[in-house]
Amino acid sequence: MAKAPKSSTPRSPAENHDFALGSLQEEFEKSKRFDASPEQMHKFYEQMLLIRRFEERAGQLYGLGLIGGFCHLYIGQEAVAIGLQSALDGDKDSVITGYRDHGHMLAYGIDPKVIMAELTGREAGISKGKGGSMHMFSTEHKFYGGHGIVGAQVALGGGLALAHQYNEDGGLCLAYFGDGAANQGQVYETFNMASLWKLPIVFVIENNQYAMGTAVSRSSAETEFYRRGTAFRIPGMKVNGMDVLEVRQAAEVAFKHVREGKGPVLMECETYRYRGHSMSDPAKYRSREEVQDMKDHKDPIENLKKILIEQGSKEEELKAIDKDIRKLVSEAADFAENSPEPEASELYTDVLVEEY
């Protein structure tokens, strides 16, 4: 009997019988920590510490009324942004996230002065003072927000990934969202399209346990978020988001998979925010003892500091790094406070795209 002619129609993910949900997790489990050089370790430490000190100062400025609107701090989650973004190709890859976005911009190495100026609504801010805390943006760095609608950035991330694929530029999109956004319908529509078209995207769930204020066990029937891509044949990875070396190693595995044209990856980074959902949240839904226990035993910065000391770094050297970073953050705050507010005419710019 003659064979039917081959169809020119691309094979759908459902026809890929070699798919295994845990394939990347198995690869990751073989070696879960990135073999960082001493220079890389110090860089990770400096970057995480910069985010921590920056966010602490942002909280102070908010309390003084110099930052208005909502302000969502990244304190406690620093290892996720640093571990992942340190593995990106800055010339090709793109990043998109929700409204807890200051840390992701700092992870890019963007000047703290222009970020702090944006927080305080100043003309020198990276979004000209119009974005504020929740809507950071930098096309120069391929950072596409900073989005206030829960889960909306995931669908936009799918579009960024489609652009990478269409332009054949070799880039991938890193799309962050939280455990609270994980139940949004548009997230699953994007999963489906990304898998069907094998888009170059890594979906990263920053599972900080409480969304806006509800524990994951009370809001989600499936609390193992890395399994959420199963129905769409997207391989999942579960990562300790409080360990920058583990996050970086997970990035190595996931990014390799995507760059080889094998389609999207769903990565769950289990992390923890020390502050409330926003500066206006007293976080009474959890105990002080729980938060303190995380700080004492799981803190990403302190744990990396211990490793550095074990490997020969001097306590005085690390204190000097902290001192320099505090000075850098103070200079950023002074710069922001002394920068002028935007002209009224700035309200009418960047509203419409004038040329395509």
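Not measured: the values here are computed from a predicted model.

(A) Quick peek at the overall build of the protein. Looking only at helices and strands, one finds 12 helices and 5 strands in the protein. Compactness check: the protein gives a C-alpha radius of gyration of 21 Å against a globular reference of 21 Å for 356 residues, within 12% of the reference. In the protein, which comprises 356 residues, the proportion classed as buried is 50%. Within the protein, contacts between residues separated by at least 24 positions form 76% of all contacts whose residues are at least 6 apart in sequence. When the accessible surface of the protein is split by element, carbon and sulfur atoms take 50% of a total near 17700 Å². Separation between the mean location of the 41 positive side-chain charges and that of the 54 negative ones in the protein comes to 4 Å.

(B) Broad picture of helix H11 (residues 300–310). Pro-300, Ile-301, Leu-304, Lys-305, Ile-307 and Leu-308 are the residues of H11 that are buried. For H11, the angular spread of the buried residues around the axis is 160°, confining them to a single face. Considering only its buried residues, H11 is in contact with helix H2 (38–63), helix H3 (78–85), helix H9 (244–259) and helix H12 (315–338). At the N-terminal end of H11, a side-chain oxygen is found 3.1 Å from the backbone nitrogen of Ile-301, two or three residues along, and the residue is Asp-299.

(C) Looking closely at the side chain of Glu-78. Summarising the element assignment, Glu-78 is placed in helix H3. When near neighbours in sequence (up to four residues on either side) are disregarded, Glu-78 contacts Met-48, Ile-51, Arg-52, Pro-300 and Ile-301.

(D) Summary view of the sheet that holds strand E2 (residues 173–178). The 5 strands are arranged E1-E2-E3-E5-E4 in an open sheet whose pairing can be described as parallel. In the strand order of this sheet, the two ends are held by strand E1 (94–96) and strand E4 (236–240), each with one partner. Geometrically, the sheet is characterised by an average inter-axis angle of 20° between neighbouring strands, direction not taken into account. Bridging between E1 and E2 involves 3 bridges; their strand directions are parallel. Within the sheet, the bridge partner assigned to Val-95 lies in E2 and is Leu-174. Across the face of the sheet, helix H7 (residues 185–196) comes into contact with E2, strand E3 (201–207) and strand E5 (265–270) while running at roughly 150° to E3.

(E) Expanded view of the nonpolar core. Leu-84, Leu-174, Met-237, Phe-255 and Leu-304 are the most contacted members of the largest nonpolar core, which has 74 residues in total. A total of 10 residues in this core trace back to one element, the largest contributor, which is H2. In this structure Leu-174 touches Leu-84, Gln-85, Leu-88, Ser-94, Val-95, Ile-96, Val-202, Val-204 and Phe-255, once residues within four positions along its chain are discounted. The next biggest cluster of nonpolar side chains, apart from the first, holds 21 residues, and it includes Ile-96, Ala-161, Ala-182 and Leu-266.

(F) How the structure looks around the environment of Val-244. Here Val-244 lies in helix H9. A relative accessible area of 2% means that Val-244 is categorised as buried. Separated by 162 residues in sequence, Val-244 and Ile-82 have C-alpha atoms that sit 6.9 Å apart. In this structure, Val-244 is in contact with Phe-44, Met-48, Ala-79, Ile-82, Gly-83 and Leu-304, ignoring residues within four places of it in sequence.

Quick notes on the rules
- Residues numbered from 1 in each chain as written.
- Predicted model: local features only at pLDDT ≥ 70, side-chain atom pairs only at ≥ 80, totals over all residues.
- Heavy atoms only, no water.
- Helix = DSSP H or I, 4+ residues; strand = E, 2+ residues; numbered from the N terminus.
- Rg over C-alpha atoms; globule rule 2.2 N^0.38 Å.
- Buried < 20%, exposed > 50% of the residue type's maximum accessible area, 1.4 Å probe, protein only.
- Contact = heavy atoms within 4.5 Å.
- Areas by Shrake-Rupley, 256 points an atom, 1.4 Å probe, with all protein chains shown as cover.
- Lys, Arg positive; Asp, Glu negative; His and termini not counted.
- Charge placed at Lys NZ, Arg CZ, Asp CG, Glu CD.
- Arc of directions from axis to C-beta.
- Polar contact = N/O pair within 3.5 Å; in protein donor to acceptor, adjacent residues only side chain to side chain.
- Pairing = 2+ DSSP bridges.
- Axes fitted to C-alpha atoms, helices over the stretch in contact; angles between N-to-C directions.
- Core = buried A, V, L, I, M, F, W, Y, C linked by side-chain atoms within 4.5 Å.

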